[in-house]
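Report on the structure
So the chains spell out like this:
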Amino acid sequence: MSRSNSTNLLERCKKFLSRKKNSFTGKYYLYTGEKLNWFQVCLRLETSVIPVILPWVIFCGVYGFLVSLLNYLGFSVVFAHKSGVLTNAILTFNIGFTLLLVFRTNTANERFWEGRRLWGSLVNTVRNLAQGIFIVVKEQSPKDRGKKEATVRLLVAFAIAMKLHLRGEPVDEQLAPLMSDIQYFKLKDTQHPPLQIAFWIRDYLQHQHERNCINIYQLTALHNLVDDLVNILGGCERILKTPLPLIYSIKLRQLLLIFCLILPLEIVTHLTWWTGVITAFVSFTLLSIEEIGSEIEEPFGHDPNDLPLDVICNTMRRNVEELIISAASSARD
């Protein structure tokens, strides 16, 4: 009986942990590695959007209040409800504006997930290449183990250098523990650090082939994995350097402004003094959606809604260090 009770307790604990991981805060922890409560998560995500759109929201709210004031003072500022042509024109405008907003958001979301797929492929390629180097490359002297470990750490350095490159940031202290001092100072003077690191990895592989530590087929397979690293870098650069055409953002902002200017004239008759509040709320919702699209279409930055590149790079570093430790222990065995 006690065994069945303990089994039921274990199952309940597993269900609780499963629900915890699927919760809002649990998903945010898996995404960023930060443990925050529900309110902190919402505040963190909203703070990247609200400062940008707040001036426009205030403008729309004040405009709605002025429309209410003019209507209260007897000025004719509302649309005639008997005019079917005007109503149909406004309805058609709303449909076109909504379709453009959906297209803008979907396009930004596709770019975001393409960037995530590329970084997921980078993680897999780094793991495969690290294991391939440790298993395939033969060691002819004790120094070969140190060179092998240094080269495997260069794979993590490639990922971190790629992150800094996509963010437009210079080489910093994150890369210093992953390479020699000579390589680090040389990397600071390089225009494209990730490509320089990829060259060092290729040079190591070619040197091992010349020493007969790997055969030509193994060399080709490892070079293909390095090719994958460079291809992933190129895919991320394509997303970064090919933004959505600016005409879409300009036209969408124009339609948003027109919609927010027309809305109070439509609702002031029924809402009177609530017109400004409702106009501000509607503009806040629509502008938030548009700003989120603008933010995630370039997913490699520091915004809370961008990809967690720091977490991904730390994962690769942890995997590589575990591989080095396990390879050293297996060699001693």
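Up top you'll find the structure we're talking about.
Described below are features of the structure shown in this document. (Residues numbered from 1 in each chain as written. Predicted model: local features only at pLDDT ≥ 70, side-chain atom pairs only at ≥ 80, totals over all residues. Heavy atoms only, no water.)

**Examining the packing of aromatic side chains**
The line we're drawing: Any Phe, Tyr or Trp ring, taking Trp's six-membered ring, that has another such ring centre within 6.5 Å forms a pair; planes under 30 degrees apart are called stacked, those over 60 apart edge-to-face, and the others tilted. Runs of E in the DSSP output that reach at least two residues are strands. Runs of H or I that reach at least four are helices, and both are numbered from the N terminus. Burial classes: relative accessible area under 20% of the type maximum marks a residue as buried, over 50% as exposed, and values in between as partly exposed (1.4 Å probe, protein chains only).
Tallying each qualifying case throughout the model produces five aromatic pairs. Aromatic pair phenylalanine 65 and tryptophan 273: ring centres 6.0 Å apart, planes at 40°, arrangement tilted. Taken as a pair, phenylalanine 65 in helix H4 (residues 50–72) and tryptophan 273 in the loop between helix H10 (246–271) and helix H11 (275–296) lie far apart in primary sequence, 208 residues in all. Under the relative-accessibility criterion, phenylalanine 65 is labelled partly exposed at 43%.

**Some details on the nonpolar core**
Generally speaking, nonpolar side chains in soluble globular proteins are found buried as a group. This is how the line gets drawn: The criterion is simple. A nonpolar core is a set of buried Ala, Val, Leu, Ile, Met, Phe, Trp, Tyr and Cys residues joined through side-chain atoms within 4.5 Å. Contacts are residue-level and defined by heavy atoms, with any inter-residue pair within 4.5 Å sufficient.
Within the largest apolar cluster, 58 residues are counted, with the highest numbers of intra-cluster contacts made by Trp119, Leu122, Met162, Leu175, Met179, Ile197 and Met316. Elements with a minimum of two residues in this core: helix H5 (84–136), helix H6 (142–166), helix H7 (181–188), helix H8 (193–210), helix H9 (216–241) and helix H12 (309–332). Counting residues per element, this core draws most heavily on H6, which supplies 12 residues. Excluding its chain neighbours within four sequence positions, the residues that come into contact with isoleucine 197 are Leu154, Ala157, Phe158, Ala161, Met179 and Leu187. Within the second largest apolar cluster, 16 residues are counted, among which are Val57, Phe97, Leu252 and Ile267.

**Examining unusual backbone geometry**
Positive phi outside glycine occurs at asparagine 212, with the angle close to 65°. You will see that threonine 272, though not glycine, has its phi angle at about 50°, which is positive. Within the secondary structure, threonine 272 is located in the loop between H10 and H11. Overall, threonine 272 belongs to the partly exposed group, its relative accessible area being 39%.

**Brief notes about the pattern of salt bridges**
Under the convention used in this document: A pair is scored as a salt bridge if a Lys or Arg side-chain nitrogen falls within 4 Å of a carboxyl oxygen belonging to Asp or Glu.
Scanning all chains against the criterion turns up 11 salt bridges. Of the charged contacts in the structure, one is a salt bridge between glutamate 297 and arginine 104, with a shortest N-O distance of 3.7 Å. One end of the pair, glutamate 297, is in the loop between H11 and H12; the other, arginine 104, is in helix H5, and 193 residues separate them in sequence. Judged on exposure class, the residue glutamate 297 and its partner arginine 104 are both buried. Connected through shared salt-bridge partners, Glu139, Arg145 and Lys148 make up one network.

**Quick word on the side chain of threonine 279**
As for its position among the elements, threonine 279 is in helix H11. Residue threonine 279 is classed as buried on the basis of its relative accessible area, which comes to 1%. Among all residues touching threonine 279, those that are not within four sequence positions of it are Cys60, Gly64, Cys260, Leu263, Pro264 and Ile267.

**Quick word on a nonpolar patch on the surface**
Which entries qualify depends on this criterion: What makes a patch is a set of residues exposed beyond 30% relative accessible area and free of salt bridges, joined within 9 Å when like-charged and within 5 Å when nonpolar (Val, Leu, Ile, Met, Phe, Trp, Tyr). Per-residue accessibility takes into account occlusion by the displayed protein chains alone, with areas from the Shrake-Rupley method and a 1.4 Å probe.
There is a patch of nonpolar side chains on the surface, built from Ile50, Leu54, Ile58, Val62, Phe65, Leu66, Leu70, Tyr72, Leu73, Phe75 and Trp273 and spanning about 1,100 Å² of accessible area. For leucine 54, a relative accessible area of 40% translates into the label partly exposed.

**Re the environment of proline 308**
Mapped onto the secondary structure, proline 308 falls in the loop between H11 and H12. Exposure remark for proline 308: the relative accessible area of 11% places this residue in the buried category. As for proline 308 and arginine 116, which are separated by 192 residues in sequence, their C-alpha atoms are 9.3 Å apart.

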